[in-house]
Amino acid sequence: TAVILLIFRDTILGLVASIQISSNDMVRLGDWVSMDKFGADGDVIEINLTTVKVRNWDKTITTVPTYAFISDSFKNWRGMQSMGVRRIKRSIHIDISSVKFVSNEMRDRYKTFSRVSQYVVERQAEIDAFNEETGADTSELINGRHMTNIGVFRRYALNYIMAHPKIDQNETVMVRQLQPTEKGLPLEIYCFSNDIAWVNYENIQSDLFDHLLAAAERFELSIFQNPSGTDFRKIASTSE
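Here the structure is a predicted model, which is why all the values come from computation and not from measurement.

**Remarks on the environment of Tyr160**
Inference 1: Examined against the element boundaries, Tyr160 turns out to sit in helix α7 (residues 149-162).
Inference 2: Looking at Tyr160, the relative accessible area reads 13%, which means it is buried.
Inference 3: Tyr160 sits 52 residues away from Leu212 along the chain, and the two C-alpha atoms are 8.8 Å apart.
Inference 4: Contacts of Tyr160, omitting those with residues within four sequence positions, involve Arg115, Asp207, Leu208, His211 and Leu212.

Structure below.
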């Protein structure tokens, strides 16, 4: 019995796994699955008793033991495909040294930015009311409450995303700060594209960040990046 079990181990495990996969509707033909342990990331093209074949995006074929879909973790992207939306979750790293309070001149310029003009007016009225109520000495920006350039830019980014026709407004749309690191202050964009086709999705995501990366300068914010050889050469030439 032990010898027979050893010989037919994979077949028995595959049979049990196939029953569980079928009964729990875990994997179907055509599903996009990701299984890092086996280097599989693509569409399921064949399911049989002992193996599942996955055609990866680079057109290679990965053969995964059927029972691995029971014993190991994997990601099935079917939910994304059935919902018709795909998540965008990426951060812009802001140089913390460029974060500052908004001066009167900056505020007047922000009022000309159509996507945040109303926000700036309403926010300033709220801040003025609070400072007047608390008797804050606003001759120094550190006293009382004041807008910051990154706060206004965060609202600008949110309004830009909410007005984008390729972003699903029924799903979560958020722009938030993450924990500052040695690479600056991450400003995370979290939303869902209403087009899940890979090429279209990447174009939508790139268009969003193309605009926001360019717009940051208008708010006197600097995008963080590690110094390159060009930066060191500039420093060296300046010191000479």
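Picking up after the structure, the text goes on.
**Notes on the layout of surface pockets**
Inference 1: Approximately 200 Å³ is the volume attributed to the largest pocket.
Inference 2: Around the largest pocket sit Lys75, Trp77, Met80, Val85, Arg86, Arg87, Phe192 and Tyr201, which together line it.
Inference 3: Approximately 170 Å³ is the volume attributed to the second largest pocket.
Inference 4: Looking at the second largest pocket, it is lined by 13 residues, and the ones nearest its centre are Asn104, Arg107, Gln124, Leu141 and His146.
Inference 5: Counting only elements with at least two residues in the lining of the second largest pocket, the list comes to α5 (104-110) and α6 (117-134).
Inference 6: A breakdown of the residues in the lining of the second largest pocket according to their chemical character gives four nonpolar, six polar and three charged.

**Things to note about the sheet that holds strand β3 (residues 51-56)**
Inference 1: Taken in spatial order, the five strands of this open sheet run β4-β3-β2-β1-β5, and their pairing is antiparallel. Two strands in the sheet have a free side with no partner beyond their single neighbour: β4 (61-65) and β5 (75-76).

**Here's the deal with helix α8 (residues 198-215)**
Inference 1: Compared with the 26 Å implied by 1.5 Å per residue over 18 residues, the 26 Å span of α8 between its first and last C-alpha is a close match.
Inference 2: Along α8, the residues that are buried comprise Tyr201, Ile204, Gln205, Leu208, Phe209, Leu212 and Ala215. Across the axial projection of α8, the buried residues extend over an arc of 130°, all falling on one side. Facing away from the buried surface of α8 by more than 90 degrees, the exposed residues are Val199 and Asp210.
Inference 3: Buried positions along α8 lie against β6 (86-94), α7 and β8 (185-193).

**Focus: the side chain of Asp195**
Inference 1: With respect to the helices and strands, Asp195 occurs in the loop between β8 and α8.
Inference 2: Look at Asp195: it is buried, it has no salt bridge, and the nearest opposite charge is Lys166 at 4.5 Å.
Inference 3: Within the structure, Asp195 has its side chain in polar contact with the backbone nitrogen of Ala197 (distance 3.1 Å).
Inference 4: Of the polar contacts made by the side chain of Asp195, one reaches the side chain of Asn200; its length is 3.0 Å.
Inference 5: Setting aside residues no more than four positions away along its own chain, Asp195 makes contact with Gly84, Asn200, Tyr201 and Ile204.

**With respect to the pattern of salt bridges**
Inference 1: Applying the stated criterion across every chain, the model contains eleven salt bridges.
Inference 2: Of the charged contacts in the structure, one is a salt bridge between Glu220 and Arg109, with a shortest N-O distance of 2.9 Å. Of this pair, Glu220 sits in the loop between α8 and α9 (229-239) while Arg109 is found in helix α5, placing the two residues 111 residues apart along the sequence.
Inference 3: The class for Glu220 is partly exposed, based on a relative accessible area of 31%.
Inference 4: Residue Arg123 pairs with Glu126 through a salt bridge whose shortest N-O separation is 3.3 Å. With Arg123 and Glu126 both in helix α6 and three residues apart, this pair spans about one turn of that helix.
Inference 5: Classification of Arg123 by relative accessible area gives partly exposed; the value is 27%.

What counts, and where the lines are drawn
Residues numbered from 1 in each chain as written. Predicted model: local features only at pLDDT ≥ 70, side-chain atom pairs only at ≥ 80, totals over all residues. Heavy atoms only, no water. Helix = DSSP H or I, 4+ residues; strand = E, 2+ residues; numbered from the N terminus. Buried < 20%, exposed > 50% of the residue type's maximum accessible area, 1.4 Å probe, protein only. Contact = heavy atoms within 4.5 Å. 1 Å grid on protein atoms, 1.4 Å probe; cavity = no way out; pocket = protein on both sides within 12 Å on 5 of 7 lines; lining within 4 Å. Points joined across faces, edges and corners; volume = space filled by probe spheres on them. Nonpolar A, V, L, I, M, F, W, Y, C, P; charged D, E, K, R; others polar. Pairing = 2+ DSSP bridges. Expected span 1.5 Å × (residues − 1). Arc of directions from axis to C-beta. Lys, Arg positive; Asp, Glu negative; His and termini not counted. Salt bridge = Lys/Arg side-chain N within 4 Å of Asp/Glu carboxyl O. Polar contact = N/O pair within 3.5 Å; in protein donor to acceptor, adjacent residues only side chain to side chain.

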